[in-house]
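Read off the chains here:
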Amino acid sequence: MTTLTLKLQPKAPLEGEAITPDNFLGKPAAAIAGLPAMHGNEPALLGDFFQVDGDGSEEIVLVGDLRRVKSIAAGMTRGTVIIQGDAGMHLGAGMRGGEIKVYGNAGDWTGAELAGGKIYIRGNAGHGLGGAYRGSRRGMNRGLIIVDGNAGNEVGAVMRRGVIAVAGNAGDFTGAFMIAGSLIVFGQMGIRAGAGLLRGSIVSLKPAELLPTYRYACTCRPDFLNLIYQKLKREGMSIPDGCATGAYKRYSGDFNRSGKGEILIYDQR
Amino acid sequence: MLKIINGEIYDPVNNINGEVREIYVDKGQITASVAGGRTIDAAGMVVMPGGVDMHCHIAGPKVNTARKMRPEDHRLDPAPRTPFTRSGVGKTVPTTFVTGYRYAAMGYTTAFDAAVPPMAARHAHEEFSDTPIIDKGFFVLMGNNEFIMRQIAAGEHEKLRHYVAWLLQASKGYGVKLVNPGGVEMWKSLGNARSIDDEVTGFGVTPRQIIESLAEVCMELRLPHCAHIHCNNLGVAGNWQTTMDTMKALDGRRGHLAHVQFHSYGGRPGKLFTSRVQELAEYVNTHPNLTVDIGQVLFGDTTSMTGDGPLAYMLHQISGRKWVNVDVENEEGCGIVPVEYKDKNYVHTTQWAIGLEWFLLIRDPWRIALSTDHPNGASFIAYPRIIRLLMDREYRREMLKHVNPKAIAKTTLPDQDREYSLYEIAIITRAAPARILGLKNKGHLGVGADADITIYDKNEDKEKMFSSPRYVIKEGEVLVEDGHIRQETYGRTLYVSPQYDPAVEKDIREYFDRYYTIQFENYPVQLENYLPRPEEVAID
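Please read all numbers here as calculations on a predicted model, not as lab measurements. (Residues numbered from 1 in each chain as written. Chains lettered and ligands numbered in written order. Predicted model: local features only at pLDDT ≥ 70, side-chain atom pairs only at ≥ 80, totals over all residues. Heavy atoms only, no water.)

### Some details on the sheet that holds strand S19 (residues 332-341) of chain B
All names here are of chain B. For the record, the criterion: Only strands that DSSP links by at least two bridges are regarded as paired with each other. In this description a helix means any DSSP run of H or I spanning at least four residues, a strand means any run of E spanning at least two, and both kinds are numbered starting from the N terminus. Axes here mean lines fitted to C-alpha atoms, for a helix over just the part in contact, with angles spanning 0 to 180 degrees between N-to-C directions.
Within the open sheet, the three strands sit side by side as S17-S19-S18. Their pairing is antiparallel. With partners counted over all chains shown, the strands left at the sheet margins are strand S17 (300-306) and strand S18 (324-328), one partner each. Within the sheet, the average angular offset between the axes of one strand and its neighbour, ignoring direction, is 15 degrees. Where S18 lies against S19, five bridges are found, and the strand directions are antiparallel.

Shown next as structure tokens:
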């Protein structure tokens, strides 16, 4: 296990893309401290800001208020990253495998364009969770993201595959332009959920104000939700009673596009 | 002062084919001798004039719109600051600074933007002033200008000539460009020109008349570059007939056909197309008034940007990708779409093969110029790869194994054995484009020429050789050494200033008052404010 403890709060954002299990594996602590990291527009070393303990292994523990450390574990393919504290923007962006656990909040663009692996956030997540960067044709493409708190706007934008579950509320444009995949919000969704949805499912346990391009189809009990809930339970998420067996109102949309997608709203009667 | 010794010189204008000679440079020009100064020992290296790109899209509002439209493209290719250069981003639509640096780092020292609406000339010049190192200029879009079409319809040839001269002066442009003549105007009322004899809605002229009149005007004004024509029906199956008609319509007048690769398709509209290069190349071979640049396609992601609005709409419909459409009042249109060329795709393979067929079937290299129509076919960064495809038959055969076999079987590419020599490459990348453009001081290394020189290390892999020259010299300054830019300078903007009868301004002013949203006085680009290093190219 490698432990990185923040010893000096960066004045400007610190680019932390060097902090990945792939990069640390087999390196002694001194070599890890010598890895480069841009501090604002100045070149710096990880050791300038972190106390490094333990030799490079597949498991990394980060301790401290890391809100100014960006792109932690971006593009990682294996291993575990545990963050004791808040993480900055782009956490696990473009990640392809492995696991990230945050015991705190995560910044914007967490898991953006995720291509595999798991991210578990105990606190809140920022905007663009599992989303697509500006102009991209695809956002998240495989993988699992769980948030125990709330998430910001554009959760799962242009998502192609995978599962995102938010225990709290989600912001505006949840699942905008989604191509496929599943997005579950246990709390309240903001306005314009599923705008430009092509296919895929957006699920909400609270009533939502939908766009006029969504049309009520039927009330049903989809089996696939049960499977997803079981999976989420195994991952440690608490699932409210009744939602696994209850009925859902299915709204088809977005009819501005194909109309092949759906928003499922839990029927509380 | 600079002396280059022991290098193998390839200077086709002066018939020097690989001889070892010395070159002397003083005050930015090539001279007969020089005393003192730095000496570059180019033993075992190849010395050529700086490259000239005669058809690319590097400045002006359409390029800038494409930049805004494609953040995903830029994210993949950041270009950080160095002690000598500014930061920017690259990929298919690079920032102005990166455009200049990358051209220079590849040994190109001159580039011409092929499509600037006169209304946007000011913007293009502003971007040019931020494009380092290279000399540049642009062609002014005139093929759908309403004032021009009115004069043609009224038979006012004199007035047309004066207007064209005025427009070139007002925009500080270099040449006359026609993009889908008449068709873009028709697109504004949801139509398009399907042949050069379709009547342009509301004007009573045909594309044929526009092509004939403007080609004639370019010759009467004695412009250094002839009419630069992007034919009607670009990218449509069966368009080779339109291209052939356009060449025949020129009827002995000088004309340059841009990115002919996109205009050489057989078949029926809406169906898969085939190559008709043989007929077209044969016609070009036997008609010395015609020159072409290729618009080679290479596989990968790129951005199509064109003055041809209906074409952009067609590409958007095929790919379903985001697009931009612009109506430039009274003058032109514009469209931008991201495009991905795939090697397994039938259509894309055919396009790739057609470009190479053009290179291999034109017998006289002085009549063709290497281009990708940057960034339409591919980025200009791909030029070294195209050079390798032309110089290395085995590499070409290797590539043939990876493309769509059905498509390739319908072209003549597998039968082509021709390999370009270094001398011929020097022609199609430097000497020929400079000659076609009428630039007397560029594209050669004779006494009096601009001292734009590229020195390459010899390498069997021609792609490597041409992508990172050992030295690049611009106006006598060594700017690139060992593939890195060592100094940032700013090149000149080339323009022409043909004479016109000032009496025509009265009509133009009236036209502006009536139809334009911009005042007549605010229209012309002021030389002193917008061209930091102007160079007027003389009209002979």
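Anyway, onward from the coordinates.
### Regarding the interface of chain A and chain B
Here is the rule we go by: We call two residues in contact whenever any of their non-hydrogen atoms come within 4.5 Å of each other. Buried area: the accessible area, evaluated with a 1.4 Å probe, that two parts lose upon being put together, summed over both parts. A pair is scored as a salt bridge if a Lys or Arg side-chain nitrogen falls within 4 Å of a carboxyl oxygen belonging to Asp or Glu. Identification of polar contacts relies on pairs of N or O atoms within 3.5 Å, with a donor-acceptor requirement for protein atoms, meaning one able to donate a hydrogen and the other able to accept it, and with residues adjacent in sequence counted only if both atoms are side-chain atoms.
At the interface, six residues of chain A touch six residues of chain B. Contact between chain A and chain B buries roughly 490 Å² in total, counting both sides, with carbon and sulfur atoms accounting for 42%. Of all residues in chain A, Arg-134, Gly-135 and Arg-137 of chain A bury the most surface against chain B, accounting for 67% of the area lost on that side. Run the count over chain A and chain B and you get one salt bridge. For Arg-75 of chain B, the salt bridge is made with Glu-113 of chain A, and the minimal N-O distance between the two is 3.2 Å. Seen at the junction of chain A and chain B, the total is two residue pairs in polar contact (both at pLDDT 80 or more).

### Focus: the packing of helix H6 (residues 157-171) of chain B against helix H8 (residues 207-220) of chain B
Residue and element names in this part refer to chain B. Here is the rule we go by: Orientation labels follow simple angle bins: below 35 degrees gives roughly parallel, above 145 gives roughly antiparallel, 65 to 115 gives roughly perpendicular, and whatever is left gives oblique. Throughout, a crossing is termed right-handed when the near helix is turned clockwise from the far one, and left-handed when it is turned anticlockwise from it by less than a right angle. All residues other than Ala, Val, Leu, Ile, Met, Phe, Trp, Tyr, Cys, Pro, Asp, Glu, Lys and Arg, Gly among them, are scored as polar; the first ten of these are nonpolar and the last four charged.
Put simply, H6 and H8 touch, their axes get as near as 10 Å, and they point 65 degrees apart. In terms of orientation, H6 lies roughly perpendicular with respect to H8. The way H6 lies across H8 gives a crossing that is right-handed. Together, His-157, Leu-160, Arg-161 and Val-164 of H6 and Ser-213, Leu-214, Glu-216, Val-217 and Glu-220 of H8 make up the contact between the two elements. A class-by-class count of the residues in the contact of H6 with H8 yields four nonpolar, two polar and three charged.

### Side note on the environment of Ser-264 of chain B
Residues and elements named next belong to chain B. Selection criterion: Throughout this description, buried means an accessible area under 20% of the type-specific maximum (1.4 Å probe, protein chains only), exposed means over 50%, and partly exposed covers the range between.
Mapped onto the fold, Ser-264 is located in the loop between strand S13 (255-257) and strand S14 (265-266). Looking at Ser-264, the relative accessible area reads 0%, which means it is buried. Taking the C-alpha atoms as reference points, Ser-264 and Glu-488, separated by 224 residues in sequence, lie 41 Å from one another. Here Ser-264 is in contact with Asn-239, Trp-240, Thr-274, Ser-275, Arg-276, Val-277, Leu-280, Ile-354 and Trp-358, once residues within four sequence places are set aside. Side-chain polar atoms of Ser-264 contact the backbone oxygen of Val-260, separated by 2.6 Å. Within polar-contact distance, the side chain of Ser-264 engages the side chain of Trp-358 at 2.8 Å.

### Side note on the pairing of strand S10 (residues 118-121) of chain A
Residue and element names in this part refer to chain A. Bridge analysis of strand S9 (residues 99-102) against S10 gives four bridges, and the strand direction is parallel. Each residue of the ladder has a partner; that of Val-102, found in S10, is Ile-121. The pairing of S10 with strand S11 (residues 141-147) spans four bridges and is parallel. Residue Lys-118 lies in a different strand from S11, and its bridge partner there is Leu-144.

### So, the packing of aromatic side chains
Residue and element names in this part refer to chain B. Threshold: Between 30 and 60 degrees the pair is tilted, below 30 it is stacked and above 60 it is edge-to-face, where a pair is any two Phe, Tyr or Trp rings, Trp via its six-membered ring, whose centres lie within 6.5 Å. Both a distance and an angle decide whether a charge sits over a ring: NZ of Lys or CZ of Arg must be within 6 Å of the ring centre and within 35 degrees of the ring normal.
Here the structure, examined in full by the defined rule, presents 27 aromatic pairs over all chains. Ring plane angle 10 degrees and centroid distance 5.8 Å describe the contact between Trp-166 and Tyr-523, whose orientation is recorded as stacked. Of this pair, Trp-166 sits in helix H6 while Tyr-523 is found in the loop between helix H18 (504-515) and helix H19 (527-530), placing the two residues 357 residues apart along the sequence. For Trp-166, a relative accessible area of 3% corresponds to the buried category. Taken together, a centroid distance of 4.0 Å and an interplanar angle of 10 degrees make the contact between Phe-512 and Tyr-516 stacked. Accessibility classification places Phe-512 together with Tyr-516 in one group, the buried group. Here the aromatic residues Phe-147, Tyr-163, Trp-166, Tyr-511, Phe-512, Tyr-515, Tyr-516, Phe-520 and Tyr-523 are joined through ring pairs into a cluster of three or more. It is Arg-388 that lies over the ring of Tyr-395; its NZ or CZ is 3.8 Å from the centre.

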